[in-house]
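# Working through the structure, step by step
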Amino acid sequence: MYTRKTLMAALRKSLKRARIEYHDLPHAIHANSEWEDSPRAPILIKIDKSAAGDTPCTIHELLHVELDERLRAIFDDELNEVVIAAVEAHLVGKLAPVSLSWWRKAIHRRIK
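Here goes a summary of the coordinates provided. (Residues numbered from 1 in each chain as written. Predicted model: local features only at pLDDT ≥ 70, side-chain atom pairs only at ≥ 80, totals over all residues. Heavy atoms only, no water.)

## Describing the overall build of the protein
Test applied: Counting from the N terminus, the helices are the DSSP runs of H or I reaching at least four residues and the strands are the DSSP runs of E reaching at least two. When accessible area is computed with a 1.4 Å probe and restricted to protein chains, residues below 20% of their type maximum are described as buried, those above 50% as exposed, and intermediate ones as partly exposed. Shrake-Rupley sampling with a 1.4 Å probe provides the accessible areas, and residues are treated as covered by the protein chains on show and by no other component. Charge counting treats Lys and Arg as positive and Asp and Glu as negative, with His and both chain ends excluded. All charge positions are set by atom: Lys at NZ, Arg at CZ, Asp at CG, Glu at CD.
The secondary structure content of the protein amounts to four helices and three strands. Shown N-terminal to C-terminal, the secondary structure of the protein runs as helices and strands in the order α-β-β-β-α-α-α. Within the protein, the fraction of its 112 residues that count as buried is 39%. When the accessible surface of the protein is split by element, carbon and sulfur atoms take 56% of a total near 7,100 Å². Across the protein, the centroid of the 18 positively charged side chains sits 13 Å from that of the 16 negatively charged ones.

Next comes the structure, spelled out in structure tokens:
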């Protein structure tokens with residue numbers, strides 16, 4: 001079971017193995033990610049150049065890395081995305097200014 005605190009800690013840990021790149025993604029896709037189900041495997045996060053907000057996009061994609069296996073056991077793709085988006089909005093909305101600043105800096109260090 002996750003709390004907001006433990007989930008954010010898991011996302012920060014996953015961010016350490018992420019590479020973030022800007023791309024021109026298809027219409028209505030703000031970001032996507034690629035990873036293997038291994039705790040040490042690299043994560044590639046692609047963010048659309050025109051997407052609003054690297055932090056929400058990155059947190060959203062890291063939530064997929066952390067939660068997809070569990071969510072896909074109970075939801076189809078559509079509902080999985082709804083759940084991820086709701087958790088992302090909640091987490092980002094609760095970020096204190098100092099935490100938001102930390103995420104922005106950490107994300108920009110991962111951009112290639």
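## Let's talk about helix α3 (residues 77-93)
As a reminder, the rule being used: Multiplying 1.5 Å by the helix residue count minus one yields the expected span of that helix. Each direction from the helix axis to a C-beta atom contributes to the arc, which is the arc of those directions.
With 17 residues, α3 should cover 24 Å at 1.5 Å per step; its first-to-last C-alpha distance of 24 Å lies within 8% of that length. Here α3 has its buried residues at N80, I84, E88 and L91. Across the axial projection of α3, the buried residues extend over an arc of 70°, all falling on one side. More than 90 degrees from the buried face of α3, the exposed residues found are E78 and G93.

## What about the pattern of salt bridges?
Quick reminder of the rule: When a carboxyl oxygen of Asp or Glu lies within 4 Å of a side-chain nitrogen of Lys or Arg, that pair is called a salt bridge.
Scanning the entire structure with this criterion turns up five salt bridges. The partner of D68 in a salt bridge is R72, and the shortest N-O contact between them spans 3.5 Å. Of the two residues, D68 and R72 are both situated in helix α2 (residues 54-72); the distance of four residues between them amounts to about one turn of the helix. Residue classification places D68 among the buried positions, given a relative accessible area of 7%. Among the charged side chains, a network of salt bridges with common partners joins D68, R72 and D77.

## Focus: the sheet that holds strand β1 (residues 18-23)
The test is simple: A pair of strands counts as paired when DSSP detects no fewer than two bridges linking them. Lines fitted to the C-alpha atoms define the axes, with helices restricted to the stretch that makes contact. Angles between their N-to-C directions range from 0 to 180 degrees.
Strand order in the open sheet formed by three strands is β1-β3-β2, and the pairing between neighbours is mixed. For this open sheet the edge positions go to β1 and β2 (31-35), each flanked by a neighbour on one side alone. On average, adjacent strands in this sheet sit at an angle of 20° to one another, irrespective of strand direction. Here β1 pairs with strand β3 (residues 43-48) via six bridges, running parallel. The residue bridging A18 from the neighbouring strand is I43, located in β3.

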